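Examining the three-dimensional arrangement
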Amino acid sequence: MTGRCPAAGERIGRGAIRWSGLSRERGKCCFVGLAIGATVTKNNPSHYFEDFELGSLIRHATPRTVTQGDVALYTALYGGRFAVQSSDAFAGAIGYPRAPLDDFLVFHVIFGKTVPDVSLNAVANLGYAQCRFLAPVFPGDTLSAVSEVIGLKENSSHKTGVVYVRSSGFRQDGTKVLEFIRWVMVRKRDEAAAAHDEHVPALTYVAPEALGSACPSISVADYDFDLAGAPYRFADYTVGERIDHVDGMTVEEAEHQMATRLYQNTARVHFNQFSERQSRFGRRLIYGGHVISLARALSFNGLANAFHVSAINAGRHVAPLFAGETVFAWSEILARSELPGRDDVGALQVRTIATKDRPCSDFPPAAGDQTDPAVILELDYWVLVPR
Amino acid sequence: MTGRCPAAGERIGRGAIRWSGLSRERGKCCFVGLAIGATVTKNNPSHYFEDFELGSLIRHATPRTVTQGDVALYTALYGGRFAVQSSDAFAGAIGYPRAPLDDFLVFHVIFGKTVPDVSLNAVANLGYAQCRFLAPVFPGDTLSAVSEVIGLKENSSHKTGVVYVRSSGFRQDGTKVLEFIRWVMVRKRDEAAAAHDEHVPALTYVAPEALGSACPSISVADYDFDLAGAPYRFADYTVGERIDHVDGMTVEEAEHQMATRLYQNTARVHFNQFSERQSRFGRRLIYGGHVISLARALSFNGLANAFHVSAINAGRHVAPLFAGETVFAWSEILARSELPGRDDVGALQVRTIATKDRPCSDFPPAAGDQTDPAVILELDYWVLVPR
Amino acid sequence: MTGRCPAAGERIGRGAIRWSGLSRERGKCCFVGLAIGATVTKNNPSHYFEDFELGSLIRHATPRTVTQGDVALYTALYGGRFAVQSSDAFAGAIGYPRAPLDDFLVFHVIFGKTVPDVSLNAVANLGYAQCRFLAPVFPGDTLSAVSEVIGLKENSSHKTGVVYVRSSGFRQDGTKVLEFIRWVMVRKRDEAAAAHDEHVPALTYVAPEALGSACPSISVADYDFDLAGAPYRFADYTVGERIDHVDGMTVEEAEHQMATRLYQNTARVHFNQFSERQSRFGRRLIYGGHVISLARALSFNGLANAFHVSAINAGRHVAPLFAGETVFAWSEILARSELPGRDDVGALQVRTIATKDRPCSDFPPAAGDQTDPAVILELDYWVLVPR
C-alpha cells in the first residue's frame, strides 16, 4: 500500500493543484486512490503531512448555496438576536440590500469545506489567525473555498508536522468574502518520509484599516436603537470594560450534530459515538465553531449593537465542550478604533471568554496560570458598532 | 446600586417610551444600565414591577423576517399537516396569494419579542386572553412587536406585582397582524418601593364579528377536501362534540430548545440546565407555546379543515412539560358561529386539552376539582372551517 | 360500531375514490367516520385490509410546497455533500436550471403522504420496488401523491393481509416526478370479513432505458470534478468493486423525529415513546427512510460523482435502528449501463449495505445466511455518474 505520489510537486491529492494552470485530469496522482487488488479505493483518505507542499493550492469541495433555510436553522441553533441579521427591513433601512448572513455562519461554511482536505488526519487544530470578513454574504449566494499551504514544520518526533494554510471563501461571482489562516498538526503516513524544508509564516494581528470591508456605509440616523435592543454606541464602550453576558445555554447532541452537518464539516469526532466511545473523552467532541457561535449569540446581551464581526485576531479552544454542558460567556473591550474615512461605525476589539457550567458574573480569567478551569474558549476579535 | 429612574414617568427602561414622541436618546434613563465603578453594565436587567407604568409603550427588539426556512423548521418541529399552510398551490387555489405562516408560528415570534422586556423577571406567566389574528403573514414579511402596559396590581406581600400588557405584532408595512393581552407576576427590585395605583383591565372574550380578519374570502368550490385530509365542514361539527386526536408526540430537549430559540424567546428556564438543576423541578421547563403548537398539530386528526386559528380566548398551562414526556390531546366543540356577511367559512370555538403520558380516548377532564392530573394545557380558541 | 361501507366498491375511506369521476361528497361512505352516539368520530382510523379494493385510487393529503428551508434541514440532518444538490452555481453550470432537491427528500415527502391512508394500520412494511425518479423537483414546487391498489392477498390466519400499492408523486403542474410500488401487511378490522380475490402483481427491476428521465442533458465539460469532490467517472467504476464509505453517523431521537415530521410521515412508532415503551423493542423505531438518507450521505465518500439517484430496484430494512446507534455503510457496484442516446452520463447499479455500530472496512455481507448481524439496510439502486 504505497500512497506516495510521483508527481507530488505538481499536484497533491484530490483537487489539490498548483495555481499554474495544471490540468485536473484524474489519475495524474496515485494519491487520489490507494490500489487494492485490481481497483482503487475511491473514498477520500485526505492528506498526510508529507502530501502537503509549500505554495500548493487546494480547491475544496463542495460549493454551497446558502439560503434563508440556513439562516432559520442558524437562529434555531443559537438564538441570535442581532437586528441586522434578523430583519430585511432593519438591514435595508440602514443601507444593506437585505439582511446579510451571520458572519460566523459564513465562517463555518467555508471552514467546513477545508476539513476533508486539510484536517481530516489532524491530531489537533492548533489555532487560527488573521481572519477577515471581506464582503457581506446574502441568502442565494454560493460559497466555495480554496486553501494555500503557507507553512510546514515537521515535529521532532517525525510522526507529525504542523501545516499552515490560508483559506479563502468566495462568492459565485468570484468576490472573496473571507480569508483566514489556520494551522493544524497532521500525521505523517510514513515516519521515514523526508521532511519538507521548514517554513513558518509570520502571523500578525488584523490592522484596523481592514475592518470595514464587509460593512457598507450605514445610515446611523436610520439605525433604530430600540429595535436593535440597546442604546449603546461606539462612544459608550471603554477600553477595559467587562460585560457579563448573563445567560447560559445547554447544548444537546442533536443540536451540535445538526449544526456541524449544516456546515458540511466532516470531522469525525463530532458525529461518531461508536468510535469516540474508545477515545480519551469517551464521547463526541463538539465542533469548536459551535462554541464560538453560542458565545456570539450570548454576547448580544451587552453587545447588541455590535452588529458585524469584521475580523478575528485569534481563537483558542482551551478545553472541549460536551453535550449536556451549559455555556456562559463574558467579554472585555480590549481596544477601540475609528475606521479611516468613516464616521458611521467604529471598531471594538473584544475578547470573549466562554465557560462551561460556570456563570461569568465574576469574569473568570483566561490568562496563563490563572486560567479558570471552566474556560473553554478565548476569542479575540473585532466588531463594528454604530457611532 | 440604585436602578430607580428619575424620569420613569416618561420612559421606562430600554426601548420603553411613551407614544407621545419622546426622544429615544440613550442615557435619559438610569435604568438602562446599572452603574458599577466607572462604567455601566450593558446587559439587559429587564424590568421589575416598579419599572412598569400604566400606559407606557414598549417597542421590543428584535425585528424578524420570517421565511420559508422558519416554515420548514416549524413543520419539522411539530409535523403539522394543514393544507393551507403546507401548500402554495392549495392556498392559491382557494384565494390566498400563497401559503400563509402557521398562526401559532406568528404568535410565538411576536410573543418571543416581548419576553426580554416583560417577563424576564417574571415569577409566573399567569395567563393570556383576547388574542386575535388580524392579518395573514407570509414568508418574507418582517415582524416586530410593541406592548402597552394596561394594568398593574401589587401583591399584598410587596415582593411582586401583576403586570398586564397588550402586545401587538406588526408587519413591515405597519399592518397589525396580531394582538393579545397577557399578565405576568413580576418581582419588585425593592420591596419598599411605592406601589402603583392599582388598575386591573376588564378581560372579555373575542366577539365572533372579529374572527374573519386574517382570512381572505375563500373559494370553497376550490377547497379540495381530499387533499385537505377530511370531508368535514362547518355544518358537520356539533356543539358538545368531543374528538380524540389519538396520536402522541414525545418531546426532546433539542427540539424545544431549537423551537424556542427560533422564536428568539430568551426566557432562561428553557435553555439553562446548569441553573435549572437547582430549581424545584431540577430540569429545563418547556416553553408553553411548544405545547400549544404540538396540540394544534395533533388536532389535525379530527380537525383537518380547521385551517385557520382566528382567536384565542384563553390559555392555561395547567402543569409543566419536560423532555422525554409524550403529549396527547383531545378537543371539544364549545360553540359554532357564522361570520357576519360571509358564507365561505364558519367559526368553531374549540377547547383543546393536552395531557402528558396519557392517551385521551376517554377525554380526561380539565375542569376544577375534576382536572385529570395528566392535563398540561387547556386552550380555548376559535378556528375557521369551510362551509 | 360497524365500519363496513355499503358503497365500498365505489369509494374506500377518506379521500379514496375511483378515477371514474365519482363525486367526493362527504357522507357517501360510512367508513369516513365511526358512529358514536349522536356524532361521528372525525379522527382518521385509516384503512383496514378489507377496506382496500383492487384498482382503487387514493388521493392523499397533504400537498406540500418544498422549499430551501427543507433543503437546509435535509443538509443539517444528513450532511450530504453532493455538489449538484448543494450549489445552484454548480447545478446551473452543467445544465440544471438550479440545484434540484435531493432525490430521497422527494421520496420521503411523497412516501410520507401515503402513510395515513396505506400503512397506519400496517403490521409491517414488507418492501418496495420499481421506484423511478421521473422529473427533477426544485424549491418552490408543490408535491402531492396518489396511490393505486394493485394487489391484495389475505394471509392464512385471516387476521391480516398484504396490500400492494403503486404510489405516484406529482408536481403542481401535473408532472409525475416519482413512482414506486410498496407492499405492507395490514390488519383486518373483522377477521370474519370476506376475503378479496387474491391478486399479486408481478414485480420487475427497473430497465436501464428508464434511468435518465429526471436528469437533464448535462455538460460534462462544465462539471468541475474538484468542486464535486472526486475525479472518478463512469468508466472508473468496475462491476464487483466494493467501496467502504468509512465514516459513521450516530443518530439522536430529536434528529429522526424532526426528519420524519418534515416528511409529514405520521407512522406512530417513530414519535410516541409512551406507547413504544410497551412494544417489543421498548423504544421508538427510526423511520427506515432516515437510514436510507444517512447511507446515501455517507456514500459520498467514494461515490461523490453519483449525483443523481434515478431508480430503486429494491430496499430491505433488515433490522431496526434506534437512537444512540451509529450508522456505517459500504457499497458494491452491481452493474454498469450506458443510457440509450446519451453520452453525458452513465448508470451504475449499486448495492449499499448499512450497518449499525460496526464499521464496514471488511464489507460485512447482507446475503441470506451470511448476513452480518449488524446489517440494517440493503438498498439496490441506480445512480447516474458523468462519463
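Residues numbered from 1 in each chain as written. Chains lettered and ligands numbered in written order. Predicted model: local features only at pLDDT ≥ 70, side-chain atom pairs only at ≥ 80, totals over all residues. Heavy atoms only, no water.

**Topic: the relation of the copies chain C and chain A**
The operation linking the two copies of the chain is a rotation about an axis combined with a translation along the axis. The transform that puts chain C on chain A rotates by 120° and translates by 0.0 Å along the axis, for an RMSD of 0.0 Å. Accordingly, the operation relating the two chain copies is best matched by a three-fold axis. When each C-alpha of chain C is compared by its distance to the rotation axis, C:Gly69 comes out closest, at 2.2 Å. (Least-squares fit on C-alpha atoms with pLDDT ≥ 70 in both.)

**Notes on the confidence of the model for chain A**
All names here are of chain A. Taken over all residues, the pLDDT of chain A has a mean of 89, while the share at 70 or more is 90%. Below pLDDT 50 for its whole length, residues 1-38 participates in 90 contacts with residues either more than four positions away or in separate chains. Among the prediction metrics, the complex's ipTM stands at 0.91, with pTM recorded as 0.92. (pLDDT = per-residue confidence, 0-100. Contact = heavy atoms within 4.5 Å.)

**Some thoughts on the interface of chain B and chain A**
On the side of chain A, 50 residues touch chain B, which itself brings 43 residues to the contact. When the two sides are added together, the surface that chain B and chain A hide from each other amounts to roughly 3800 Å², 55% of it contributed by carbon and sulfur. Linking chain B to chain A there are 6 salt bridges. Note that A:Glu252 is salt-bridged to B:Arg284, the shortest N-O span being 2.8 Å. Seen at the junction of chain B and chain A, the total is 21 residue pairs in polar contact (both at pLDDT 80 or more). Mapped by element, the contributors of at least two residues to the side of chain B that touches chain A are β3 (39-40), β5 (64-65), α1 (68-78), α6 (253-262) and α7 (273-276) of chain B. The greatest single-element share of the side of chain B that touches chain A, amounting to 6 residues, is contributed by α6(B). (Buried area = accessible area lost by both parts, 1.4 Å probe. Salt bridge = Lys/Arg side-chain N within 4 Å of Asp/Glu carboxyl O. Polar contact = N/O pair within 3.5 Å; in protein donor to acceptor, adjacent residues only side chain to side chain. Helix = DSSP H or I, 4+ residues; strand = E, 2+ residues; numbered from the N terminus.)

**What about the interface of chain C and chain A?**
The interface of chain C with chain A comprises 50 residues on the first partner and 43 residues on the second. Where chain C abuts chain A, roughly 3800 Å² becomes buried across the two surfaces, and 56% of that area is made up of carbon and sulfur atoms. Inspection of the region where chain C meets chain A yields 6 salt bridges. Inspection of the region where chain C meets chain A yields 21 residue pairs in polar contact (both at pLDDT 80 or more). Residue assignment for the side of chain C that touches chain A shows that the elements contributing at least two residues are α1 (68-78), α2 (83-86), α3 (88-94), α5 (225-228), β11 (249-250), α6 (253-262), α9 (300-303) and β13 (326-338) of chain C. With 8 residues, α1(C) is the largest single contributor of residues to the side of chain C that touches chain A. Among the residues making up the side of chain C that touches chain A, the classes are represented as 22 nonpolar, 15 polar and 13 charged. (Nonpolar A, V, L, I, M, F, W, Y, C, P; charged D, E, K, R; others polar.)

**Brief notes about the packing of aromatic side chains**
This structure, assessed with the given rule, holds 51 aromatic pairs over all chains. Judged by centre distance (5.8 Å) and plane angle (35°), the rings of A:Phe111 and A:Tyr287 are tilted. With A:Phe111 in helix α4 (residues 103-119) and A:Tyr287 in the loop between α7 (273-276) and α8 (288-298), the pair connects residues that are 176 residues apart, well separated along the chain. Taken individually, A:Phe111 and A:Tyr287 each receive the classification buried, so the pair is uniform in this respect. Following the ring pairs from residue to residue traces out a cluster consisting of A:Phe107, A:Phe111, A:Tyr128, A:Phe180, A:Tyr263 and A:Tyr287. Directly above the ring of C:Tyr232 sits A:Lys42, whose terminal nitrogen or CZ lies 5.3 Å from the centroid. (Phe/Tyr/Trp six-rings, centres within 6.5 Å; stacked < 30°, edge-to-face > 60°. Buried < 20%, exposed > 50% of the residue type's maximum accessible area, 1.4 Å probe, protein only. Lys NZ or Arg CZ within 6 Å of the ring centre and 35° of its normal.)

**Describing the packing of helix α1 (residues 68-78) of chain A against α8(A)**
All names here are of chain A. Their axes nearest at 10 Å, the elements α1 and α8 cross at an angle of 80°. For the element pair α1 / α8, the angle class is roughly perpendicular. Contact with α1, carried on its side by Tyr74, Leu77 and Tyr78, involves His290, Ser293, Leu294 and Ala297 of α8 and no other residues of that element. Classifying every residue of the contact of α1 with α8 gives 5 nonpolar, 2 polar and no charged. (Axes fitted to C-alpha atoms, helices over the stretch in contact; angles between N-to-C directions. Parallel < 35°, antiparallel > 145°, perpendicular 65-115°, else oblique.)

**Digging into unusual backbone geometry**
Peptide bonds are, in most cases, trans, and in most cases residues other than glycine have a negative phi. Residues and elements named next belong to chain A. Between Ala61 and Thr62 the backbone carries a cis peptide bond, its omega angle lying at -5°. Not every positive phi belongs to a glycine, and His158 is a case in point at roughly 60°. A residue is classified by how much of its surface remains accessible, and His158, at 41% relative accessible area, is partly exposed.

**Considering the relation of the copies chain B and chain A**
Once chain B is rotated about the relating axis by 120° and shifted along it by 0.0 Å, it coincides with chain A to within an RMSD of 0.0 Å. When the interface residues of chain B are mapped onto chain A, a mere 9% of them again lie at the interface, so each copy presents a different face.

**Some points on the side chain of B:Thr352**
Residue and element names in this part refer to chain B. Examined against the element boundaries, Thr352 turns out to sit in strand β14 (residues 345-356). A residue is classified by how much of its surface remains accessible, and Thr352, at 2% relative accessible area, is buried. Among the polar contacts listed, one links the side chain of Thr352 to the side chain of Ser331, at a separation of 2.7 Å. In this structure, Thr352 is in contact with Ala295, Ala329, Trp330, Ser331, Leu377, Glu378, Leu379 and Tyr381, ignoring residues within four places of it in sequence.

**Quick notes on the side chain of C:Glu241**
Structurally, C:Glu241 is set in the loop between α5 and β10 (242-244). For C:Glu241, a relative accessible area of 2% translates into the label buried. Engagement of the side chain of C:Glu241 in a polar contact is seen with the side chain of A:Lys42, the distance being 2.3 Å.

**Some remarks on the pattern of salt bridges**
For the structure shown, the criterion picks out 66 salt bridges over all chains. When the shortest N-O distance is used, the salt bridge between C:Arg268 and B:Asp247 registers 2.6 Å. Of this pair, C:Arg268 sits in the loop between α6 and α7 (273-276) while B:Asp247 sits in the loop between β10 (242-244) and β11 (249-250), each in a different chain. When its relative accessible area of 15% is taken as the criterion, B:Asp247 is described as buried. The network of salt bridges with shared partners includes A:Arg316, A:Glu332, A:Arg351 and A:Glu378.

**Things to note about the environment of C:Val375**
Residues and elements named next belong to chain C. Mapped onto the fold, Val375 is located in strand β15 (residues 375-386). Residue classification places Val375 among the buried residues on the basis of a relative accessible area of 1%. Sequence separation of Val375 and His317 is 58 residues, and the distance between their C-alpha atoms is 8.8 Å.

**Things to note about α8(A)**
With 11 of 11 residues buried, α8(A) lies mostly within the body of the structure. Every buried residue belonging to α8(A) is among A:Gly288, A:Gly289, A:His290, A:Val291, A:Ile292, A:Ser293, A:Leu294, A:Ala295, A:Arg296, A:Ala297 and A:Leu298, and all of these are buried.

**Some remarks on the environment of A:Leu379**
All names here are of chain A. Here Leu379 shows up in strand β15 (residues 375-386). Residues Leu379 and Arg316, 63 residues apart in the sequence, show an inter-C-alpha distance of 6.3 Å. Not counting residues within four places of it along the chain, the set of residues in contact with Leu379 comprises Phe104, Ile292, Ile312, Ala314, Gly315, Val350, Arg351 and Thr352.

**Things to note about the pairing of strand β7 (residues 142-154) of chain B**
Residues and elements named next belong to chain B. In terms of residue burial, β7 counts as a mostly covered element, since 11 of its 13 residues are buried. Examined bridge by bridge, strand β4 (residues 57-59) and β7 share 3 bridges and lie antiparallel to one another. Bridge pairing links Arg59 to Val146 in β7. (Pairing = 2+ DSSP bridges.)

**Focus: the packing of α1(C) against α6(C)**
Residue and element names in this part refer to chain C. Between α1 and α6, the shortest axis-to-axis distance is 10 Å and the interhelical angle comes to 150°. The orientation of α1 relative to α6 falls into the category roughly antiparallel. When you trace α1 past α6, the crossing you get is left-handed. Only Glu255, Met258, Ala259 and Leu262 of α6 make contact with α1, whose side of the interface consists of Asp70, Leu73, Leu77 and Tyr78. (Left-handed = near helix turned anticlockwise from the far one by under 90°.)

**Some remarks on the pairing of strand β12 (residues 308-317) of chain B**
Residues and elements named next belong to chain B. Burial analysis of β12 places 7 of its 10 residues in the buried class, which makes it a mostly covered element. One ladder, built from 4 bridges, connects strand β6 (residues 122-133) with β12; its direction is antiparallel. Among the inter-strand pairings, Tyr128 is bridged to a residue of β12, identified as Gly315. Taken together, the 8 bridges between β12 and strand β15 (residues 375-386) define a ladder with antiparallel strand orientation. When the bridges of β15 are listed, His317 appears paired with Leu377.

**Side note on α1(B)**
With 10 of 11 residues buried, α1(B) lies mostly within the body of the structure. Taken from the residues just after α1(B), B:Gly79 is the one with a positive phi, measuring 75°.

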